[in-house]
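# Understanding the architecture of this molecule
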Number of protein chains: 2
Amino acid sequence: MICKYVFGKPIETGAVVADVAQCTQPLSLMQVEQGPAGVVLSCQMGPKDVVYGLGEQVRGINKRGFSYISYAIDGPIHTENRHSLYGGHNFLIVSRAQKQPFGIFVDNPGKVVFDVGEARMDRLEIQAGSDCVIYTIEEEGLKEVAKSFRRLVGQSYAAPKWAFGYQQSRWGYQNEADVRAVVDGYHGNGIPLDAVYLDIDYMDHYKDFTVDQEKFPDFAGFVGSMKARGVRLVPIIDAGVKIEKGYPVYEEGVANNYFCKDEDGTDFVGAVWPGKSHFPDVLNTAAREWFGGKYQWLMDQGIEGFWNDMNEPALFYSEKRLKQTMDEVLAMKDQNLDIHSYWQLIEKIDGLCNHPQDYKSFYHNKDGERICHDDVHNLYGFYMTKAAADAFCKIAPHKRTLLFSRSSYIGMHRYGGIWTGDNASWWSHLLLSIQQMPSLNMCGILYTGSDIGGFGNDTTQDLLLRWLEFGIFTPLMRNHAAADTREQEAYHFDRIEDFRNIIRIRYGLLPYLYSEFMKAVLNDEMYFRPLAFDFPDDAHAAKVEDQLMVGESIMIAPVYTQNATGRYVYLPQDMLMVCMKSLEGRQCQVMEKGHHYVDIALNEVVFFVRKGHMLPLAVLDSGLTSTADMEDCEYEWIGYTDNAAEYILYDDDGMTTDYTPRSEWKKTVRTKEELAWG
Amino acid sequence: MICKYVFGKPIETGAVVADVAQCTQPLSLMQVEQGPAGVVLSCQMGPKDVVYGLGEQVRGINKRGFSYISYAIDGPIHTENRHSLYGGHNFLIVSRAQKQPFGIFVDNPGKVVFDVGEARMDRLEIQAGSDCVIYTIEEEGLKEVAKSFRRLVGQSYAAPKWAFGYQQSRWGYQNEADVRAVVDGYHGNGIPLDAVYLDIDYMDHYKDFTVDQEKFPDFAGFVGSMKARGVRLVPIIDAGVKIEKGYPVYEEGVANNYFCKDEDGTDFVGAVWPGKSHFPDVLNTAAREWFGGKYQWLMDQGIEGFWNDMNEPALFYSEKRLKQTMDEVLAMKDQNLDIHSYWQLIEKIDGLCNHPQDYKSFYHNKDGERICHDDVHNLYGFYMTKAAADAFCKIAPHKRTLLFSRSSYIGMHRYGGIWTGDNASWWSHLLLSIQQMPSLNMCGILYTGSDIGGFGNDTTQDLLLRWLEFGIFTPLMRNHAAADTREQEAYHFDRIEDFRNIIRIRYGLLPYLYSEFMKAVLNDEMYFRPLAFDFPDDAHAAKVEDQLMVGESIMIAPVYTQNATGRYVYLPQDMLMVCMKSLEGRQCQVMEKGHHYVDIALNEVVFFVRKGHMLPLAVLDSGLTSTADMEDCEYEWIGYTDNAAEYILYDDDGMTTDYTPRSEWKKTVRTKEELAWG
């Protein structure tokens, strides 16, 4: 049961698609107070209650013990004290002992604060803002609450099938030669690869919708030649548009008032990569259509996928603040800077970036209505992505174009995925990425993954291997690294065969993973789930923070600590442990419900098949280079059952938005005898 | 067997006390190369080899998979990518499959780099510098290597017994009222407390060896009144001396050339809390004696303990660099700051702090020899602490004065302990502190602990409880927090009884903990040990990264993840699990060797007693306020044995450097029947 409550004069965000009537009864699931700070919802939490959700945030699957602020920010240090990451995902589910769980969605694109037992361990408090729509969802179980919410916010984006292949990125690829070296490095070592990303350096001076002609003299030709090898190029698009006379995007934006405005009505000036820039007013329909249409120029050259970045939007500084700060700094020039003044200096300079006051200083024209950016801050990434997605519908109707974003708000999940931003080559971030996946899925974001190997800092061979062993299960499987970090393309390490084997296992699992992903899209379900969603009556399952259910048949328990050669695993039921050092060689073992210590070698993929379930494994040619080689491949089946079991393998063309399953793939029923798991 | 190898013209560091003759054979345990980069030692590591040691560094007990740089730095963000923390602890032990383990100590107080399998997983490489003494140690077991090394570097510092009580600190206590409120807060809630720390605000404008007269109008009287309540005050001493005409420490230092010198022979100017400061040349005997003597003024007012801080030494900036940077910033004033210039600005300002070039720009006068600071960088904290310790021997001979430091180098362990610096209220830092303890113990640093609850960021009730549950086992048990973070004195939280019970358990365990600490001091042993040190033949023990042996009888397995209500524990032998929710109420259970999942409630202390071992537990009055109340207390005994067992309870006066055990405490033999562990 979904109830809708309206407070103040909320801004229409576009998050919700279902038509829900406003509830006539007052909200009773939580206490409601309305004061100068806006609407505050609160409730007691029992010692065994678990709180799920909030999408892209730090800490565990159970969000208790910290406070989270929905206010998108470009901050690269994702440590435990970070209250905000790149998105605003205001949905949580409270699992209560002996009571029905319930969900809460706060539809407010400004700042929303969730104190999930930080100030007081037993208290959940939500500062929802003055103007918001709140939806409460009561259903009999956790899965049902999540599904009910997902029906409210609409069907999730489905990426093209090639985007489920392995992908490589690095901030630093400069030109054709760099990209070619990556493709050669992978394919030349027998490792499949489906995409290479173009980070900011492909552009002409960081100008959106340009390509540096010196680096890519025949961009369309190069895109085509890579595609002929099975590899798509995926360029980045940034939110900020460079201020430069003669640059058409800038000129058109200014001429048509398509950019966000400063208080005084002039175009707001903030800085990103190219320095001073304007920001397309993506909340304005005309501006959005204009900006979205700009993607066509790249699509015309053969591009089939994009990643939208810096769309919190990130601000290195605002023009006004920089000027003021410089004056203040220079006034300090000959002082004896002590504890107070030295830190003022540091805070002034570090505070240039993404300053909260700057977000309060510019405005949108939401089709006639002037809105302060601060009040709709979390919508920027959503509507920049919607700009692209809406344009794709016109430019390439019915085609699936790869699209994902850094910043997001619930609702954007219908238009694209996200990646989890600028993580680091830390083991703790491998665990964090495991824990973020189900939280994101709850909020509708299904096409997602973290930067495998870690974006910032230098990766290590073992970290990359372990991360890949988890990453083979994430829909977006992309290795990405920052400039000036260690090169982390797989072929730079010893024992390339380990990387080859693990990545090939991804392709082997792809029919299952894609099938389960698409079912989750089409049925409003979660691809990644905490164990408690599938085993609600198992008291220990609710405590497991480092294992996930993946689709209907699999549980994973990734290794995420350095030098570990195994880990503890909790099985909520009897399962079949599948250990693979290569796609072709595997060992299976039936294991009983309960606690186990499992050895998992550094070059080994281990997963667990639920009793009564099975999955297909593609039989692949040793020369496989990309998903393009996987048409009509054959399957082996792995499963575990005492008697007959069934698996519906969903497949479709993987290219269009026609999600009708191909009839010939709609199968199959197997019996115990057919599943050789002994 | 210890072998000594001399390369170049090493600086005498004072790390080693034993007289070891230079080895006549070339170093053969590792490959040695000498080139422009200095001495490089390297060896292959087998897949099962484990590398222990390196003292205060990030990551696990097994140091494999990262590179560590010994170059002390004041950096508060202790994330996984940090190559240096506050000390230089150049000792490691390589545990080799089927071979004897060996230790390596690189006695070089400049920069030393240990790549423990980062560049290549199977390769250990040490860049030892051009001028260094290298000691190799081969013994039959890990414990023996550690002990042999400890004999080389001399007996560890023993703190007074009161310093094993619970201690409270916070950067922000301003005056008498603040300190009194802390003592009232603890004692008024029935929680024992032995010390309150005075961070930088007690001083007059951050001037060493001053007390702000407005805040503490009768300092000696106040110190005495607190001591009468069982609470010592422990003031901070900083490395930098404020440049201020008329301030005697400054005037004397300048007049006698006691400060470090700039290239041009003037006193080097760097900034810390008070702004521009000079730095006592602690490598100069006269300067060191002078600076040490300054502690007397505080001791004369009743102070019995100190913590030395900012002695890497931390530099907010150097006078020269600030001037140059300000000019460079000025030149950027009207530029369009883009990706390159904006980051230059940020790097310039953030780079003011602890700039490597600044450490190369000033000099010591080591009793006649001019030495660039960079070459002896890691000695600063050591010799600042030795300055104090040497002075204490004269000011208060035979008395144990509490002394610990932030920066350190091996050798300093004879003069004082360390705390593990400015950690954060992160769960990952609770784990890090667990992992740092045995690494520090190997290097001789026994009196140590982390800031319980975390220094930076806001703690939470559950984090503080879990941290205390580990902290009751660390010799230094201090709750400390940074300014502007959540108040984390125990009495600020709900369920004060949980805090009271846990801290009282510390006092109950104190006879055992002190006994084991002093035995480790007197016998050159480790108080905290990785499991593999006690169970070298247990293959799994070497993989356990989150359990420690504490003294001879106990193994601990702290909970360090949020919302966990238990954890997996590996028992390398049959043990008795002791679960205590209070000192008076406990449950014991015999558990078999192997893997277990153990429930551990948030308000529960759990530890494991080794078979054939036991420990005393003090019977305490409910009104206990500090260790002062513990004279002549009675003991209960907890133990687990099939037959007779023995425990030698070491005790002494706890106040003097006369370590002769009090004869009446030298006991005891018990039999199974006397140990009620059923």
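Structure report, in brief. Predicted, not measured: the structure shown is a model, and the values here were computed from it.

Rules of the game
Residues numbered from 1 in each chain as written. Chains lettered and ligands numbered in written order. Predicted model: local features only at pLDDT ≥ 70, side-chain atom pairs only at ≥ 80, totals over all residues. Heavy atoms only, no water. Helix = DSSP H or I, 4+ residues; strand = E, 2+ residues; numbered from the N terminus. Rg over C-alpha atoms; globule rule 2.2 N^0.38 Å. Buried < 20%, exposed > 50% of the residue type's maximum accessible area, 1.4 Å probe, protein only. Contact = heavy atoms within 4.5 Å. Areas by Shrake-Rupley, 256 points an atom, 1.4 Å probe, with all protein chains shown as cover. Lys, Arg positive; Asp, Glu negative; His and termini not counted. Charge placed at Lys NZ, Arg CZ, Asp CG, Glu CD. Least-squares fit on C-alpha atoms with pLDDT ≥ 70 in both. Core = buried A, V, L, I, M, F, W, Y, C linked by side-chain atoms within 4.5 Å. Phe/Tyr/Trp six-rings, centres within 6.5 Å; stacked < 30°, edge-to-face > 60°. Pairing = 2+ DSSP bridges. Axes fitted to C-alpha atoms, helices over the stretch in contact; angles between N-to-C directions. Parallel < 35°, antiparallel > 145°, perpendicular 65-115°, else oblique. Left-handed = near helix turned anticlockwise from the far one by under 90°. Nonpolar A, V, L, I, M, F, W, Y, C, P; charged D, E, K, R; others polar. Buried area = accessible area lost by both parts, 1.4 Å probe. Salt bridge = Lys/Arg side-chain N within 4 Å of Asp/Glu carboxyl O. Polar contact = N/O pair within 3.5 Å; in protein donor to acceptor, adjacent residues only side chain to side chain. Disulfide = S-S within 2.5 Å.

## Some remarks on the overall build of chain A
Helix and strand content of chain A: 14 helices and 40 strands. Whereas a compact globule of 678 residues would reach a radius of gyration of roughly 26 Å, chain A reaches 25 Å, a difference of no more than 12%. Taken along the three principal axes of its C-alpha coordinates, chain A extends 75 × 65 × 55 Å. Residues counted as buried form 67% of the 678 residues belonging to chain A. Excluding contacts between residues fewer than 6 apart, the proportion of contacts in chain A whose partners are at least 24 apart in sequence is 74%. Surface summary for chain A: the accessible area is close to 22200 Å², and the carbon and sulfur share equals 48%. Here chain A contributes 65 positive and 95 negative side-chain charges, whose respective centroids are spaced 3 Å apart.

## Digging into the relation of the copies chain A and chain B
Placing chain A over chain B gives an RMSD of 0.0 Å and needs a rotation angle of 180°, together with 0.0 Å of translation along the axis. The superposition of one copy onto the other is thereby described by a two-fold rotation axis. A high fraction, 100%, of the interface residues of chain A reappear at the interface in chain B, so the copies pair face to face through one surface.

## As for the nonpolar core
One recurring pattern in soluble globular proteins: nonpolar side chains tend to sit buried together. Ranked by internal contacts, the top residues of the largest apolar core, which has 381 residues, are A:Phe473, A:Phe607, B:Phe473 and B:Phe607. Look past the residues within four positions of B:Phe607 in its chain and what remains in contact with it is B:Phe473, B:Leu509, B:Ile554, B:Met555, B:Ile556, B:Leu576, B:Met577, B:Val578, B:Met580, B:Leu615 and B:Ile638. Counting 42 residues, the second-largest nonpolar core is a separate cluster that includes A:Val544, A:Val569, B:Met577 and B:Cys579.

## Some thoughts on the packing of aromatic side chains
Residues and elements named next belong to chain A. For the structure shown, the criterion picks out 102 aromatic pairs over all chains. With a centroid separation of 5.3 Å and an interplanar angle of 65°, the aromatic rings of Tyr 166 and Tyr 186 are classed as edge-to-face. One end of the pair, Tyr 166, is in strand β12 (residues 166-168); the other, Tyr 186, is in helix α2 (residues 176-187), with 20 residues separating them in the sequence. With relative accessibility at 0%, the residue Tyr 166 sits in the buried group. Measuring from centroid to centroid gives 5.7 Å for Tyr 512 and Tyr 647, while their planes differ by 40°, and the two rings are tilted. Placement of the pair is Tyr 512 in helix α13 (residues 496-523) and Tyr 647 in the loop between β39 (645-646) and β40 (669-670), with a sequence separation of 135 residues. On the accessibility criterion, Tyr 512 (0% relative accessible area) is buried.

## Section: the sheet that holds strand β22 (residues 369-372) of chain B
Read from one edge to the other, the open sheet built from 3 strands follows the order β16-β21-β22 (chain B), with strand pairing classed as antiparallel. Of all strands in the sheet, those bounded by a partner on one side alone are β16 (261-262) and β22 of chain B.

## Overview of the packing of helix α7 (residues 319-331) of chain A against helix α7 (residues 319-331) of chain B
Direction vectors running N to C along α7(A) and α7(B) enclose 150°, while the axes themselves pass 10 Å from each other. When the axis of α7(A) is compared with that of α7(B), the two are roughly antiparallel. Here α7(A) runs over α7(B); the crossing is left-handed. Packed against α7(A), whose contacting residues are A:Met326, A:Val329 and A:Leu330, the element α7(B) presents B:Met326, B:Val329 and B:Leu330 at the interface. Residue composition of the contact of α7(A) with α7(B), grouped by class: 6 nonpolar, no polar and no charged.

## Describing the pairing of strand β2 (residues 31-35) of chain A
All names here are of chain A. As defined by bridge partners, β2 adjoins strand β3 (residues 38-44) across 5 bridges and the pair is classed as antiparallel. Bridge assignment links Gln 34 to a residue of β3, and that residue is Val 39. The turn joining β2 and β3, which pair antiparallel and follow one another in sequence, is formed by 2 residues.

## Considerations on the interface of chain A and chain B
If you look at the interface, chain A gives 64 residues, while chain B gives 65 residues. Counting the surface lost from both chain A and chain B, the interface buries some 5600 Å², and carbon and sulfur atoms represent 57% of this. Contact with chain B buries surface across chain A, with A:Met121, A:Tyr342 and A:Tyr568 losing the most and accounting together for 11% of the total. Summed over the shared surface of chain A and chain B, the number is 4 salt bridges. Between B:Lys333 and A:Asp327 there is a salt bridge, with its nearest N and O atoms 2.9 Å apart. For the pair chain A and chain B, the number of links is 38 residue pairs in polar contact (both at pLDDT 80 or more). Taken together, the elements giving at least two residues each to the side of chain A that touches chain B come down to β17 (270-272), β18 (275-278), α7, α8 (339-350), α11 (427-442), α12 (461-471), β32 (566-571) and β35 (594-599) of chain A. In terms of residue count, the dominant contributor to the side of chain A that touches chain B is α8(A) (8 residues). Considering only residue class, the side of chain A that touches chain B consists of 32 nonpolar, 17 polar and 15 charged.

## Remarks on the side chain of A:Glu118
In this fold, A:Glu118 is placed in the loop between β9 (112-116) and β10 (123-129). One buried charge, A:Glu118, has no salt-bridge partner; the nearest side chain with opposite charge is B:Arg486, at 5.3 Å. In this view, A:Glu118 contacts A:Gly65, A:Phe66, A:Ser67, A:His83, B:Thr460 and B:Arg486; residues no more than four positions away in its chain are not counted.

## Here's the deal with the packing of helix α5 (residues 285-293) of chain A against helix α10 (residues 380-395) of chain A
Residues and elements named next belong to chain A. Their axes nearest at 8 Å, the elements α5 and α10 cross at an angle of 65°. The two elements α5 and α10 cross, and the hand of that crossing is right-handed. For the pair α5 and α10, contact is made by Arg 288, Glu 289, Phe 291, Gly 292 and Gly 293 and by Tyr 383, Met 384, Lys 386, Ala 387, Ala 388, Asp 390, Ala 391, Lys 394 and Ile 395, respectively. Among the residues forming the contact of α5 with α10, the class breakdown is 7 nonpolar, 2 polar and 5 charged.

## Examining the sheet that holds strand β36 (residues 605-610) of chain A
All names here are of chain A. One open sheet holds the 6 strands; their spatial order is β29-β30-β31-β36-β33-β34, and the pairing between them is antiparallel. Where the open sheet ends on each side, the last strands, each with one partner, are β29 (528-529) and β34 (586-591). Relative to strand β31 (residues 554-556), strand β30 (residues 548-550) runs antiparallel, the two being bridged by 3 bridges. Within β31, the position partnered with Val 550 by the bridge is Ile 554.

## Considering unusual backbone geometry
In this chain, A:Glu312 is followed by A:Pro313 through a cis amide linkage whose omega measures -10°. For A:Pro313, the position within the fold is in the loop between β19 (305-309) and β20 (317-318). Unlike most non-glycine residues, B:Asn457 shows phi in positive territory, near 65°. Examined against the element boundaries, B:Asn457 turns out to sit in the loop between β27 (451-452) and α12 (461-471).

## Side note on the pattern of salt bridges
Opposite charge on two side chains lets them pair, provided their charged atoms get close. Per the stated rule, a full pass over the model turns up 84 salt bridges over all chains. Residues A:Asp74 and A:Arg406 are paired through a salt bridge, measuring 3.3 Å at the closest nitrogen-oxygen approach. Of this pair, A:Asp74 sits in the loop between β5 (66-70) and β6 (87-88) while A:Arg406 sits in the loop between β23 (402-405) and β24 (408-409), placing them 332 residues apart in sequence. A:Arg406 carries the same exposure label as A:Asp74, and that label is buried. B:Asp327 serves as the salt-bridge partner of B:Lys323, at 3.7 Å between the closest nitrogen and oxygen. With B:Lys323 and B:Asp327 both in helix α7 and 4 residues apart, the pair spans about one turn of that helix. Linked by salt bridges that have partners in common, A:Asp74, A:Asp309, A:Glu312, A:Arg406 and A:Asp422 make up one network.

## Considerations on the state of the cysteines
All names here are of chain A. This structure, assessed with the given rule, holds 0 disulfides over all chains. No disulfide involves Cys 43; its sulfur sits 16 Å from the nearest other cysteine sulfur, which is in Cys 3. Taking the relative accessible area as the measure of exposure, Cys 43 reaches 16% and is therefore buried. Here Cys 372 is not disulfide-linked; the sulfur of Cys 260 is the nearest cysteine sulfur, at 10 Å.

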